[in-house]
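# Chain and residue survey
Single-letter residue listing:
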Amino acid sequence: MNNYFSAQNLYRVWDSVTVDLSFTAEKGTMTVIVGPSGSGKSTVLRLIAGLETNDVRNGGKPSAVLLDGRDITHLAPGKRGIGMVFQNHALFTHMTVEDNVAYGLACTGMSRNRRRHEADAYLAQFGLAGFGKRMPETLSGGEAQRVSLARTLIVQPQLVLFDEPLSSLDAPLRKRLAADIRASQKKERFTGIFVTHDIEEAKTVADTIIIVDKGRISWQGRPEDFSETMIR
């Protein structure tokens, strides 16, 4: 199969860590990047999303991010076809749940009635039927994260990035939502890159696991071949 996504020679230097790596992903798969705090996991996502820029290295090949045959390296974040789910949910506190989910559709000019219908359908898909008129402050952590996921997926991005989306939740809820994310990924067939430090979470959602240590890939393979002893 051809690579649907490719990150080539990502390079970013800060403090004592230098991100310097390359990897690819097939369409409709979930790649999970695992590593301890400070290993550069989230920086990799931010470079892919365009929220940070690659540093210029002396010599060597230039950095590049390719998605479905397009070179998106120098595009603005909003032009890349990428959705992102954050650890802190990043919901608009002044908007209802329904309007949060439908926000991306509103930006495309879709009619209000149609985007409300679409938002209600996505809320139901994530077990949140009837939540549309609620405000974000009334939601539990798990409910807010599901709203965030629905808001990201409703615009059908080509690539979805997950920046430790479950790390602030308790263990039982984290386990349940990891399974929900995996089920949604298989149903929607979206391509995802998921960052976590949790081993069981990684095994639950991944098709491929990448271990990052001090900004570099130390191992890459299948979830069934992955073990805790591989992380320093």
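Owing to the predicted nature of the structure, the values given are computational and were not obtained by experimental measurement.

With that settled, consider the overall build of the protein chain. Looking only at helices and strands, the protein chain has seven helices and 10 strands in total. For a compact globule of 232 residues, the expected C-alpha radius of gyration is about 17 Å, and the protein chain comes in at 18 Å, within 12% of that figure. Principal-axis analysis of the C-alpha atoms places the extent of the protein chain at approximately 55 × 40 × 35 Å. By residue count, 50% of the 232 residues in the protein chain fall in the buried class. Pairs at least 24 residues apart make up 68% of the contacts formed inside the protein chain by residues separated by at least 6 positions. By element, 48% of the accessible surface of the protein chain is carried by carbon and sulfur atoms, the whole surface being about 11,400 Å². Across the protein chain, the mean location of the 29 positive side-chain charges is 3 Å away from that of the 26 negative side-chain charges.

The next point concerns the packing of aromatic side chains. This structure, assessed with the given rule, holds five aromatic pairs. For the ring pair Phe5 and Phe23, a centre distance of 5.7 Å and an interplane angle of 50° mean the geometry is tilted. Separated by 18 residues along the polypeptide, Phe5 in strand β1 (residues 5-14) and Phe23 in strand β2 (residues 17-25) bring together distant segments of the chain. You'll find Phe5 and Phe23 in the same group, each marked buried. Aromatic ring contacts, followed pair by pair, group Phe162, Phe190 and Phe194 into a single cluster. Positioned above the aromatic ring of Tyr11, the side-chain terminus of Arg57 is 4.2 Å from the ring centre. Between the NZ or CZ atom of Arg151 and the centre of the ring of Phe92, over which it lies, the distance is 5.3 Å.

By the secondary structure assignment, Val44 is in helix α1 (residues 41-49). The class of Val44 is buried, set by a relative accessible area of 0%. Linking Val44 and Ile33, residues 11 residues apart in sequence, is a C-alpha distance of 9.1 Å. Beyond its immediate sequence surroundings of up to four residues, Val44 is in contact with Leu10, Val19, Leu21, Phe23 and Ile33.

To continue, consider the sheet that holds strand β3 (residues 30-34). Here six strands make up an open sheet; going across it, the order is β6-β7-β8-β3-β9-β10 and the pairing mixed. The open sheet terminates on both sides in strands that have one partner only, identified here as β6 (82-85) and β10 (216-221). Strand-to-strand, the axes of this sheet are offset by a mean angle of 20°, without reference to chain direction. One ladder, built from five bridges, connects strand β9 (residues 208-213) with β10; its direction is antiparallel. Bridge pairing links Asp213 to Arg216 in β10.

This part covers helix α4 (residues 112-125). For α4, which comprises 14 residues, the first-to-last C-alpha distance of 20 Å matches the rise-based estimate of 20 Å (1.5 Å per residue) to within 8%. Listed as buried for α4 are Arg115, Ala119, Tyr122 and Leu123. For α4, the buried positions fall inside an angular range of 100° around the axis, keeping them on one side. Exposed residues pointing more than 90 degrees away from the buried face of α4 are listed as Asn113, Arg114 and His117. Tucked inside the fold, the buried residues of α4 contact α2 (97-101), α3 (103-107), α5 (141-153) and α6 (171-188). The positive-phi residue at the C-terminal boundary of α4 is Gly127, with phi of around 70°.

Definitions and limits used
- The numbering scheme is per chain: residues are counted from 1 as the chain's sequence reads.
- pLDDT decides what is reported in this predicted model: residues at 70 or higher carry local features, side-chain atom pairs at 80 or more are listed and counted, and totals for whole chains, interfaces and linings draw on all residues regardless.
- Neither water nor hydrogens contribute to the side-chain values; these are computed over all heavy atoms in the structure.
- Segments assigned H or I by DSSP are reported as helices when at least four residues long, segments assigned E as strands when at least two residues long, and all are numbered from the N terminus.
- Radius of gyration here is computed from C-alpha atoms only, and the compact-globule reference equals 2.2 Å multiplied by the residue count raised to the power 0.38.
- Exposed residues in this analysis have more than 50% of their type's maximum accessible area, buried residues have under 20%, and partly exposed residues fall in between, with area computed by a 1.4 Å probe over protein chains only.
- Working rule for contacts: check all heavy atoms of both residues, and any pair within 4.5 Å makes them a contact.
- All accessible-area figures derive from a Shrake-Rupley calculation using a 1.4 Å probe, and residue coverage is judged against the displayed protein chains alone.
- In this tally, Asp and Glu contribute negative charge and Lys and Arg positive charge; neither His nor the terminal groups of the chain are included.
- Here the site of a charge means NZ on Lys, CZ on Arg, CG on Asp, or CD on Glu.
- Centre distance within 6.5 Å is the pairing criterion for rings of Phe, Tyr and Trp, where only the six-membered ring of Trp is used; planes under 30 degrees apart are then read as stacked, over 60 as edge-to-face, and the remainder as tilted.
- Placement of a positive charge over a ring is assigned whenever Lys NZ or Arg CZ falls within 6 Å of the ring centre and within 35 degrees of the normal to the ring plane.
- At least two bridges found by DSSP between two strands is the condition for calling them paired.
- Throughout, an axis means a line fitted to C-alpha atoms (over the contacting stretch in the case of helices), and angles, computed between N-to-C directions, take values from 0 to 180 degrees.
- By definition here, a helix of n residues has an expected span of 1.5 Å times n minus one.
- The reported arc concerns the directions from the helix axis to the C-beta atoms and nothing else.

This is a description of form; function is not addressed.
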